Each structure stands twice: as C-alpha cells, then as structure tokens.
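Residue strings, one per chain:
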Amino acid sequence: MTKQNIKFIQLDNIKLDVQNPRLPSSMRKKKLDKIEIVNWMLNDASIIELMLAIGEAGFFIGEALLVVPDDEEKNKYIVVEGNRRLTSTILLNEPGIANSQKIKIEKVLKETNERPQELPCIIFKTRDEINKYLGYRHITGVKSWGILPKARYLNELAQDLDGENFTLQCRTLAKSIGSRSDYVRNLLTAYQLYLKIEDQAFFKIPNLDETSLHFNYFSDSLSRENIRNYINVDIKSDTPTADVNINNLESLTRWFFEKNENGRSRVLGDSTNLGMLDKVLGDKAAKEYFSMGEGTINDAYHLVSVTADSFIQEIEVALSKLKNANSIIHTVTQHHESVKTKLKEIFSLAKNMKIIIESKNEETWND
Amino acid sequence: MIEFKSLSKTPDATLTNSHYYCDYIELLALVNIDDGIRIDDVYDRFLEDERIRGIGSESGGEENGIWISRVQHWFDELYSRTIHYGEHYPFISENNRIRLREQLDNIHYLYIFLLLCSSLNYITNYHTLTTIFEKCSYFAMKKYLPDVAEVHQFGVSTEKNERYKGKLIEKYKLLAQDLKLVLSDKPNLFRDMDNGDGGVDIVAWVPFKDDPNLDKKQIFMGQSACGKNWNNKQASVDRIKNYLIDLPSNAQNILFVPYDFRDSNRCFCQHGEITASIIFDRHRIIKLVNYSYIADDEIMGEQFEKIIHATLNFKEDII
C-alpha cells in the first residue's frame, strides 16, 4: 500500500458520490444534483446525529474522507467513503436545502457552532484502491448498509472478477470483506433475482419499486429448498439463476408485495410465513390450492398440517358462521331462492362427515 | 403527573412478541420532534443499546441483515395497524416511516392513552395511568354487555368506588349478596387490614329482569393488566373461588390489556399464553369505548386530559 497524506479540501470542491451504493438504482441512473442526494441521504441514513457530532466537535481528522479526483471537473473530488459525513457537513452549512426534518436541523444549528468549510481528505487515484476497505466497513463493519445496497455493491465488485467462476468469486469477495462465502453467495444470487424483477418493471405491481421491495424476502427465501425449487434456483451451481422460472418468480413477488383491499399481502416474509410457504410449495395439493386461489398462506398451510386440532378449528369456524347467520335470520325480509339449496348442501356435508368420522373410529371391519 | 424516562433502552421482550417492539416504535414516533421515525432510526437505537453485537465479526453482515429485516417487519406490522385502526390511528405509516398525525382529535387520544399504558417501563408516576385504565376497562365491559347488565369496579385503585368499599371482607360480603352466593368462612381468608381487591378489578353480571332468583346467570370477573405480567393476572376466577365458594364454574374470566395483542395479520399473538375466557385488548377497547366516556368522567376526566396534554407537549430531546 502506498503512503497517503491527509489534505484539506474546500467543501465546495468535494462532491457526493452518485455511485454510492446506498442510492437506489433508479436514482443512480439519473444525473443527480447535490440537493437530491442530500435529501435522499437525510431520509435514509441517520444524518441528524452526525450533524450534531460534527457541529459540536468539528470534523475529526482521523475520520478523513476517502476521495478520488473527478474526471469531469478539474480540482473537484468525489467522496467514495464518507458520504454521510459530507452530507452532514453540507447541511450544517446549507440547511435550507433540506426538504424534511427541518425542526431537528434547526435545533442542531442552534445548539452547535462548528461549520467546517474544508474537510480532511485522503486522495486516491481510483475507486478500486478504496473498494476493499469499503466492503469491510459497510458489509461487515460498524455502519452497515442495508441489504440491497450491500448486494448491489458486492455485485459491482464481482464484475472485476468476471473471469473466475461463481464459487471462486464468492470466496474472493468473502475474504476481502471479512465475511463468509455462503453469505456472499446468497446475497449475489438474491441480487440476480432482484435484477430480473427490476427488468420486468417489478411486474407492474402497484406501488412496488426499489424502495418498497424488501430485498431480504428474496435473500431469506433462498435458504428454503421448496421456494428455491419453485422459482428454479440452483443455489450451489455456478449459474444459480440461469434457468429461473420467471412466471413463478412473478407469483412469488406478487404473494410478497401485492396488497389486497385490507392492505395485506398474502405472504409476509418473516421466518414463520416463509416456513409455511416452503411447506406449501413442497406439497402438490397445497401448492395448487394456494397458487390458484386468493386465500392466505395460513389457509394453504392447513392443508399440509392437518391435525385433530386444526380440523376442529375449521369446524368451529364453520359453526360460528352458521350461528351468526342463524342469529340474523329473522331480520331478512326476503331470502334468496338459493339459500335452501345451500342449506341442503351443508346438511349433506355434515351428514357425510359424521359418517366418515364414525367409520374411521370403528375398530373392526364389517363385511 | 407522568414523565417520560429515557427511550434509549430498547425493549427486552421476546422477539416473537413483536407487538411490544411496535409499541416502542410508536412511542418513539409519539415523542419525535419532527418527521417521524424511520427503519434506520430504530436500527440505530438497537445498535447503540448493544443489542446488535456481531458487527465487525465474520457474521457481522448477516447479523446486520437479520436486524434490518426484523425492524422492517415491525414497520410492516405497524402498517397493518394503520389499516385496521383506520381513522382511530394517531399515526401515519408510509414509505417505511411512521409519524404522528399533524392534526390530532379526540378520536386519537384513547389510542395514545392505551399506548402509554402499554409503555409503563418508559414512564414514571404511572399510577394515574393504571387507575384510568381500570375505569376504561369498566367502560369497555359496560358497552360490551347489554344495557340491563350490572357492571361495577371492584379494584382498589378506584378513588371513589360507589358500591364496593372498605375492607376486602366487606366488599366480598356485598358481592356475595349481589350474586346470591356463599361467602367462605375459612380461617385466615380475610385478614384484618386487607383492603385489597382479591384479584378482581371489574365485576359484572347479566340479571334476569323482575326475577327474585339472583343465581343461574352470566357472571364476569375481570382484571385490568397494564404490566408485562398480564399472564399471571388471568386467574381471577380461580382466586375468587376461595372467597365465594359456590361461584359457578361458568363464571367468565375477563382480561383487559392496553396492548395491541395482534400480529401483522391482526390475529391474536401469544395465543398459547391467553387463558382468560374473554380478552379486551387495545383494538377491542377502542372499538367499544368512546373518548368522551373518560373525558367526561367526573373523577378521571381532568387527569386524562392532563396526561394527553403533557404527552403531546413532550418531545424527546435530540441531543
């Protein structure tokens, strides 16, 4: 490693990084100005506390920004590491550009005096020189990124290892960020799924975009064998998502994120729900029931987890509904014609079920 | 008057009981000075409270991911509260952020009050809260039962109990008379100076009109429980059998809790721990009790308004 000196650079000459993995892809693709990035960071990255710290004690030289020269503008630098600190310093000097948290910012300004105008920076020639450190700091280290930014960043690093097979890429990346290779493999595979979903315009699911899609639903799903099989991901292969079943990936995404009229999705991505979904997708009848219908994952799960308890629960639900109907029967002035047919059906069903239960309880076979 | 303690100590409830964590986030949003609370803010609280310990180790990335997911699920659960409580909900939950409504009305105050009752760990001088909650339980019970029902407070925290006053034995004598039941004469059951409630905060029954027979009717014995030890308070009816020896076995055991006892699907969580016959949780209480019942109450109304006022005026210092 070459020796680096700390240099103080004027705030105006330091630019926020449009390639910052924290920023959503949709933003990174646009030509962003400072105000847009500052406001995104303000809403996403606990900036107020940092503003307080810097406003109170000034900018600590030991926390120098890691920058690279801007190829497009002479004497300007882009911060590769330290975007939160730079955002905080910008807001201390230009609080008016904030679109939110204005009360807190005003309070910080009132209670602090330091307004750094030049910041300690270590200048690197290229991003690559900083990248390894970044990986450790944000994926394994103290101020971690969210899961999607991590995966996006790992994916960018993986591009540099293009000649190597996937397993080797995961191992190399894991070593460089001080993490485990199966963790890296999981994140990269989930990211490939994410890219496919993004490529399909999030399957046009209302209100679904990068900020509302919970990436961890996919990374957590990959540890479930039946869910993996359903979308056809071979997690151990060198090309785990080469043969993904896009239709099933769409179904999975809809189950996770499409909201019904009560604002609920069919499957919440916590471990209980993912566990149920995995069992349902491993059972032909339950899978068909869930895929074709609109019921919750709980209903489908009951098909694969029938016990005496769950059975009686179904009966109790039906009985309670019938009791409800019975209690309001007199308040209906004109009943539908079809009611009698349905009541007859309920009667037949009840009779048949009783016969089945009784015959099951018989100890001997009667010829 | 109540005061808030530091909110930097994160809840220590079992993680599967996520409603406690959702309440904590709502409390943070309640006392937030600005645009509300985001996933990152909550994550930072747990990090600073050293609950996220693996950072920096080989499994740091994974642990960080688990915690981000965890916090995100709490926000999902809060979103489901938004839908379920509708106009009664004092918060707005959108884009992974929750904030207090700008315009708060009477309709939201009961929710805020119940949230405070669920957050006693973060509040000093909470005695007034539990006293008003008992009254709130009374109103919920009264609204739930038909108009002819007799509903009374029995708990010791009642400052002006109209019917059941004095020592425990006196209270039970009167209750036995009301229910036409037999009071036990076992030694040491009622001790001198025992002014407690014997495990009951609310008593209720549904009489048959103009019938001299006072027995063979529906009886309800309720306990209000704001603390986390609510599950130990459910055995009200069992305890009362020591005092009223012929209490019928179908007497209903009622539990009133200020918690939102629901998961993301709005189904009861901690189902396995609920042994009460009927439970009144935050959602049920809000659907039964009107803000004005408490605000207009001669004894509690003023204190209730003071609490709400003090709460809405309190904002957590960001420094």
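Residues numbered from 1 in each chain as written. Chains lettered and ligands numbered in written order. Predicted model: local features only at pLDDT ≥ 70, side-chain atom pairs only at ≥ 80, totals over all residues. Heavy atoms only, no water.

*Asks:* Summarise the overall build of chain A; cite the residues concerned and give the values.
*Replies:* Along the backbone of chain A there are 17 helices and five strands. A compact globule built from 367 residues would reach a C-alpha radius of gyration of about 21 Å, whereas chain A, at 29 Å, exceeds it by more than 25%. The principal-axis extent of the C-alpha atoms belonging to chain A is close to 95 × 55 × 35 Å. Burial analysis of chain A (367 residues in total) assigns 43% to the buried set. Of the roughly 20,900 Å² of accessible surface on chain A, 51% is carried by carbon and sulfur atoms. Seen as two clouds, the 49 positive and the 52 negative side-chain charges of chain A have centres 2 Å apart. (Helix = DSSP H or I, 4+ residues; strand = E, 2+ residues; numbered from the N terminus. Rg over C-alpha atoms; globule rule 2.2 N^0.38 Å. Buried < 20%, exposed > 50% of the residue type's maximum accessible area, 1.4 Å probe, protein only. Areas by Shrake-Rupley, 256 points an atom, 1.4 Å probe, with all protein chains shown as cover. Lys, Arg positive; Asp, Glu negative; His and termini not counted. Charge placed at Lys NZ, Arg CZ, Asp CG, Glu CD.)

*Asks:* Got a sec to walk through the overall build of chain B? Specific residues and values, please.
*Replies:* Along chain B, the regular secondary structure elements total ten helices and ten strands. Taken over C-alpha atoms, the radius of gyration comes to 22 Å for chain B, in line with the 20 Å a tight globule of 319 residues would show. Expressed along its principal axes, the backbone C-alpha trace of chain B runs to roughly 70 × 40 × 35 Å. In chain B, which comprises 319 residues, the share counted as buried stands at 58%. Considering only contacts within chain B whose residues lie at least 6 apart along the sequence, 66% involve residues at least 24 apart. Here chain B holds 37 positive side-chain charges and 49 negative ones, and the gap between their average locations is 6 Å. (Contact = heavy atoms within 4.5 Å.)

*Asks:* Explain the interface of chain B and chain A residue by residue, including any values.
*Replies:* Every contact between the two is made by 35 residues of chain B and, on the other side, 44 residues of chain A. Summed over both partners, the interface of chain B with chain A buries about 3,200 Å², with 48% contributed by carbon and sulfur atoms. Three residues, Arg38(B), Glu58(B) and Ile318(B), lead the burial of chain B against chain A; their summed loss comes to 17% of the area buried on that side. Linking chain B with chain A are two salt bridges. Two residues, Arg180(A) and Glu62(B), come together in a salt bridge whose shortest N-O distance is 2.7 Å. There are 21 residue pairs in polar contact (both at pLDDT 80 or more) connecting chain B and chain A. Contributions of two or more residues to the side of chain B that touches chain A are made by α2 (39-48) and α3 (60-85) of chain B. (Buried area = accessible area lost by both parts, 1.4 Å probe. Salt bridge = Lys/Arg side-chain N within 4 Å of Asp/Glu carboxyl O. Polar contact = N/O pair within 3.5 Å; in protein donor to acceptor, adjacent residues only side chain to side chain.)

*Asks:* Now, about the sheet that holds strand β4 (residues 97-100) of chain B: what can you tell me, with residues and values included?
*Replies:* Residues and elements named next belong to chain B. Read from one edge to the other, the open sheet built from three strands follows the order β2-β4-β3, with strand pairing classed as antiparallel. The open sheet has two free edges, formed respectively by β2 (37-38) and β3 (91-94), since each of these has just one partner strand. Taken together, the two bridges between β2 and β4 define a ladder with antiparallel strand orientation. Bridging across to β4, Ile-37 finds its partner in Ile-98. (Pairing = 2+ DSSP bridges.)

*Asks:* Explain helix α6 (residues 128-140) of chain A to me, and be specific about the residues and the numbers.
*Replies:* Turn by turn, an α-helix covers 3.6 residues, leaving residues three or four places apart pointing in a common direction. Its 13 residues give α6(A) an end-to-end C-alpha distance of 18 Å, which sits within 8% of 18 Å, the value for a rise of 1.5 Å per residue. Its maximal kink placed at Leu134(A), α6(A) deviates by approximately 30°. For α6(A), the set of buried residues is Ile130(A), Asn131(A), Leu134(A), Gly135(A), His138(A), Ile139(A) and Thr140(A). On its buried face, α6(A) sits against β3 (65-69), β4 (77-81), α7 (147-159), α8 (166-177) and α9 (181-199) of chain A together with α3 of chain B. (Expected span 1.5 Å × (residues − 1). Bend = angle between axes of the 7 residues up to and from the residue.)

*Asks:* A description of a nonpolar patch on the surface should follow, citing residues and the corresponding values.
*Replies:* Residues and elements named next belong to chain A. Taken together, the side chains of Val-306, Phe-311, Ile-312, Ile-315, Leu-349, Met-353 and Ile-357 define a hydrophobic patch exposed on the protein surface, amounting to about 580 Å² of accessible area. Contributing elements (two or more residues each) for the nonpolar patch: α16 (308-328) and α17 (338-361). Position of Ile-312 among the secondary structure elements: in helix α16. Note on Ile-312: relative accessible area 42%, which makes it partly exposed. (Patch = residues over 30% accessible without salt bridge, like charges linked within 9 Å, V, L, I, M, F, W, Y side chains within 5 Å.)

*Asks:* Now, about the packing of aromatic side chains: what can you tell me, with residues and values included?
*Replies:* The geometry of two aromatic rings is summed up by the distance between their centres and the angle between their planes. Tallied over the full model, the rule gives 36 aromatic pairs over all chains. Between Tyr194(A) and Phe215(A) the ring centres are 6.3 Å apart and the planes differ by 75°, which places this aromatic pair in the edge-to-face class. In this pair, Tyr194(A) is assigned in helix α9 and Phe215(A) in helix α10 (residues 215-221), connecting sequence segments 21 residues apart. In this pair, the class of Tyr194(A) matches that of Phe215(A), namely buried. The interplanar angle of 40° and the centroid separation of 6.1 Å between the aromatic rings of Phe218(A) and Phe257(A) together place this pair among those described as tilted. With a gap of 39 residues between them, Phe218(A) in helix α10 and Phe257(A) in helix α12 (residues 246-257) connect regions that are remote in the sequence. In this structure an aromatic cluster arises from ring pairing among Tyr21(B), Tyr24(B), Phe46(B), Trp67(B), Trp74(B) and Tyr122(B). Above the face of the Trp67(B) ring, Arg70(B) is positioned so that its terminal group lies 4.6 Å from the ring centre. The ring of Tyr20(B) carries Lys228(B) above its face, with NZ or CZ at 5.0 Å from the centroid. (Phe/Tyr/Trp six-rings, centres within 6.5 Å; stacked < 30°, edge-to-face > 60°. Lys NZ or Arg CZ within 6 Å of the ring centre and 35° of its normal.)

*Asks:* Lay out helix α1 (residues 18-30) of chain B in plain terms, naming residues and giving numbers.
*Replies:* With 13 residues, α1(B) ought to run about 18 Å at 1.5 Å a step, and its terminal C-alpha atoms sit 18 Å apart, in line with that. The buried fraction of α1(B) amounts to 13 of the 13 residues, a majority that puts the element mostly inside the structure.

*Asks:* How would you explain unusual backbone geometry if you had to name every residue and give the values?
*Replies:* Here Ala201(A), not a glycine, exhibits a phi torsion of approximately 55°, which is positive. Taking relative accessible area as the criterion, Ala201(A) reaches 42% and is therefore assigned partly exposed. Unlike most non-glycine residues, Arg266(B) shows phi in positive territory, near 65°. Positionally, Arg266(B) belongs in the loop between β9 (252-256) and β10 (278-280).

*Asks:* Before we move on, could you go through the sheet that holds strand β2 (residues 14-15) of chain A and cite the residues and values that matter?
*Replies:* All names here are of chain A. Taking strand neighbours across the sheet as the criterion, the five strands line up as β1-β5-β3-β4-β2 in an open arrangement whose pairing is mixed. On the outer flanks of this sheet lie β1 (6-10) and β2, each paired with one strand and no other. Looking at chain direction, β1 and strand β5 (residues 118-123) are connected through five bridges and run antiparallel. Across the sheet, residue Ile-9 finds its bridge partner in β5, namely Leu-119. Lying over the sheet, helix α4 (residues 83-93) contacts β2, β3, β4 and β5, oriented at roughly 125° with respect to β4. (Axes fitted to C-alpha atoms, helices over the stretch in contact; angles between N-to-C directions.)

*Asks:* So, the nonpolar core: which residues are in play, and what are the values?
*Replies:* Within the largest apolar cluster, 85 residues are counted, with the highest numbers of intra-cluster contacts made by Phe113(B) and Met141(B). Setting aside anything within four residues of it in sequence, one finds Met141(B) in contact with Val151(B), Ile202(B), Ala204(B), Phe220(B), Ile254(B), Phe256(B) and Phe280(B). The next biggest cluster of nonpolar side chains, apart from the first, holds 64 residues, and it includes Ile78(A), Leu161(A), Ile177(A) and Phe202(A). (Core = buried A, V, L, I, M, F, W, Y, C linked by side-chain atoms within 4.5 Å.)

*Asks:* Help me get a handle on the pairing of strand β8 (residues 218-224) of chain B, residues and values and all.
*Replies:* Residues and elements named next belong to chain B. Among the seven residues that make up β8, six are buried, leaving the element largely enclosed by the rest of the structure. Across five bridges, the pairing between strand β7 (residues 202-206) and β8 is antiparallel. Looking at the pairing, Val-203 lines up with Met-221 of β8. Sheet analysis places β8 next to β9, joined by five bridges and oriented parallel. Along β9, the bridge assignment pairs Met-221 with Asn-253.

*Asks:* Residue-level account of the side chain of His152(B), with values.
*Replies:* Residue and element names in this part refer to chain B. Relative to the helices and strands, His-152 resides in strand β6 (residues 150-153). The exposure class of His-152 is buried, given its relative accessible area of 16%. Polar contacts involving the side chain of His-152 include one to the side chain of Glu-150, which spans 2.9 Å. Contacts of His-152, omitting those with residues within four sequence positions, involve Tyr-138, Arg-163, Tyr-164, Asp-201, Ile-202, Val-203 and Trp-205.

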